[in-house]
Structures are given as structure tokens and as C-alpha cells.
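Here's the letter readout for the chains.
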Amino acid sequence: ELLLGKEAMEKLSKSRVAIFGIGGVGGYVCEALVRSGVEAFDLIDDDKVCLTNLNRQIIATRSTVGKYKTQVMKDRILDINPNADVRIHECFFLPENADDFPWDEYDYIVDAVDTVTAKIAQEKNIPIISSMGAGNKLDGSQFKVADIYKTKVCPLAKVMRRELKKRGIKKLKVVYSEEQPTRPIEDMSSSCKNHCICPPGATHKCTERRDIPGSVAFVPSIVGLIIGGEVVK
């Protein structure tokens, strides 16, 4: 309040933000927003905390492994602000279930998912910011905010530009990096493909992915905090 003023803080407290994807990026978005005074959240993710999340996700600890990410994040938000109104959706967002969400109640949407089909489905008349690829990156200082059509280098942004153009969507605020992605080390002795440690019954396993990206603690967190700052502004 000392920096933003009373009116701004009141506006934040009355705003509802929907965060799609409560992982390395999305978890830090939630953290930044609740600590900034936002008091209403919709958290959307169908995944559970896995041991492989310990290196980068703010909700991942030994005690939360195997629990739904949305529930763990909700508990954390309420531990910071007991007055917060947190609704959780334990599902994977796709065009098929888009009608299940109360879009008219959202003041802002944060897209922190890593699947193109889920990203391009969010074609609503609501302010939105979308995270591009944070995996396989090592330099957090290279991330910037831009319109999707002004991005370059980022492979995910390239696919998004093509798909959004097909749908006639003329703009989308994104956070992206022009750092060339690092190729993960091919070491099958420690690969998830050979040594899966996902909990039994996991809906989306690393082994289903053609290419498993590598990640570090300090890149997704930076992206999440940048996005949180943009939402607050």
C-alpha cells in the first residue's frame, strides 16, 4: 500500500485471477499475487506433485509429493491470507471443457500450461498473459514481455504464432526468452523414461513425452514473478 496506494490495493483485493497450470511458473505466479493483495483465485491443474518437481516448484516438498497441486497451492495461499477465496479445478484444460469455467467472473487469466492445445483454447475477451517455454533455459535475465507476434527464437512461441494466426487472433501478451534452448543431456541411466518415479495413477507421466525438458530452480521462478508483476500492474 505504501507503493501502490489504497485504491490500487482495494482493486487487487476484489480481483479474481484464473491461473491455468500450477507448476514451476504458475506456482510462483500464485505466490506473487497472494502476497500482492489479490484475494480471489481459480487454480486449474490436474497434476499431482512429483519428486521430479522438487528442483523448481514452490509447492513441491517431500510432504506434498503425491498431492494435487491445486490443493497444495490453495493451502499455501490460505496460509498467507486466510481471507482469500480459492476455487480449485482438478482438471486439464482443453477446448472440450471450456464451458465448465466461469469466464465472466475472471478479471485476468494467466496461462502457465505447456501444451499448445490448452493455450490456444483461451480465446476469451479477458486480459491474459501467457508463458512461453521456460524449460531448457539457463539465463533468467533474458526473459521479456512482448506481443506474441514480436517474439523470435522461442520454439513454443513459433508454434503459437502460427496457431493464433490461423484463428485470427491478432495479439497476445507473453513472457518469452530469446536464449537458445539447451539440449538436455542424454543419460538413460537417470532418465525418467527408464526410471519413472511418478506416483501410481499419475494422469500425465514424463514417459509419455517425446522429449523431456530440463529445468533449474531460478528460471521458472523468474518467469512466474514477471507474470505476477504484469498482472498486478
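Provided above is the structure to which this section pertains.
My aim in this report is to walk through the structure given alongside it, one point at a time. (Residues numbered from 1 in each chain as written. Predicted model: local features only at pLDDT ≥ 70, side-chain atom pairs only at ≥ 80, totals over all residues. Heavy atoms only, no water.)

**Notes on the nonpolar core**
Link 1 in the chain: Counting 33 residues, the largest nonpolar core has I19, F41, L43, I77, V110 and I227 as its most contacted members.
Link 2 in the chain: Within the residue set of this core, elements represented by two or more residues are strand 1 (16-20), helix 2 (24-36), strand 2 (40-44), helix 3 (69-80), strand 4 (108-111) and helix 6 (220-232).
Link 3 in the chain: Of all hydrophobic cores here, the second largest spans 24 residues; its members include A18, F93, I109 and V174. (Core = buried A, V, L, I, M, F, W, Y, C linked by side-chain atoms within 4.5 Å. Buried < 20%, exposed > 50% of the residue type's maximum accessible area, 1.4 Å probe, protein only. Helix = DSSP H or I, 4+ residues; strand = E, 2+ residues; numbered from the N terminus.)

**Quick notes on the packing of helix 2 against helix 3**
Working note: a packed helix pair is described by the angle between its axes plus the distance between those axes.
Link 1 in the chain: Their axes nearest at 10 Å, the elements helix 2 and helix 3 cross at an angle of 20°. As judged from the angle between their axes, helix 2 and helix 3 are roughly parallel. The element helix 2 and its partner helix 3 pack so that their crossing is right-handed. Along its contact with helix 2, which presents G27, C30, E31, V34 and R35, the element helix 3 presents M73, R76, I77 and I80.
Link 2 in the chain: Taken together, the residues of the contact of helix 2 with helix 3 sort by class into five nonpolar, one polar and three charged. (Axes fitted to C-alpha atoms, helices over the stretch in contact; angles between N-to-C directions. Parallel < 35°, antiparallel > 145°, perpendicular 65-115°, else oblique. Left-handed = near helix turned anticlockwise from the far one by under 90°. Contact = heavy atoms within 4.5 Å. Nonpolar A, V, L, I, M, F, W, Y, C, P; charged D, E, K, R; others polar.)

**Focus on helix 3**
Link 1 in the chain: The terminal C-alpha atoms of helix 3, which comprises 12 residues, lie 17 Å apart, in line with the 16 Å expected from a rise of 1.5 Å per residue.
Link 2 in the chain: Where helix 3 is buried, its residues contact helix 2, strand 2 and strand 3 (85-89). (Expected span 1.5 Å × (residues − 1).)

**Points about the environment of R76**
Link 1 in the chain: Positionally, R76 belongs in helix 3.
Link 2 in the chain: Spatially, the C-alpha atoms of R76 and C196 are 28 Å apart, while their sequence positions differ by 120 residues.
Link 3 in the chain: Those residues in contact with R76, other than ones at most four positions away along the chain, are E31, R35, I58 and I59.

**What to know about the packing of aromatic side chains**
Link 1 in the chain: Following the criterion strictly, the structure yields seven aromatic pairs and no others.
Link 2 in the chain: Pairing F20 with F93 gives two aromatic rings, centres 5.0 Å apart and planes at 65°, and the pair type is edge-to-face. Taken together, the positions of F20 in strand 1 and F93 in the loop between strand 3 and strand 4 put the pair 73 residues apart, joining distant regions of the chain.
Link 3 in the chain: Given a relative accessible area of 1%, F20 falls into the buried group.
Link 4 in the chain: Ring geometry for W103 against Y106: centres 5.8 Å apart, planes inclined by 85°, an arrangement best described as edge-to-face. (Phe/Tyr/Trp six-rings, centres within 6.5 Å; stacked < 30°, edge-to-face > 60°.)

**With respect to the pairing of strand 5 (residues 128-131)**
Link 1 in the chain: Residues of strand 5 alternate between two faces, with I128 and S130 on one and I129 and S131 on the opposite face, all of them buried.
Link 2 in the chain: Where strand 4 meets strand 5, three bridges bridge the pair, whose relative direction is parallel. Counterpart to D111 in the pairing with strand 5 is S130. (Pairing = 2+ DSSP bridges.)

**Notes on the pattern of salt bridges**
Link 1 in the chain: Counting across every chain of the model gives 13 salt bridges.
Link 2 in the chain: Close ionic contact of E163 with K166 constitutes a salt bridge, the shortest N to O distance being 3.3 Å. Note that E163 and K166 are positioned in helix 5 (residues 155-166) at a spacing of three residues, about one turn of the helix.
Link 3 in the chain: Residue classification places E163 among the buried positions, given a relative accessible area of 11%. (Salt bridge = Lys/Arg side-chain N within 4 Å of Asp/Glu carboxyl O.)

**Topic: the side chain of E179**
Link 1 in the chain: Tracing the backbone shows E179 in the loop between strand 7 (173-177) and helix 6.
Link 2 in the chain: In this structure, E179 is buried with no salt-bridge partner, the nearest side chain bearing the opposite charge being K137 at 5.7 Å.
Link 3 in the chain: Aside from chain neighbours lying at most four places away, what touches E179 is K137, L138, D139, Q142 and V153. (Lys, Arg positive; Asp, Glu negative; His and termini not counted.)

Structural measurements only, silent on function.
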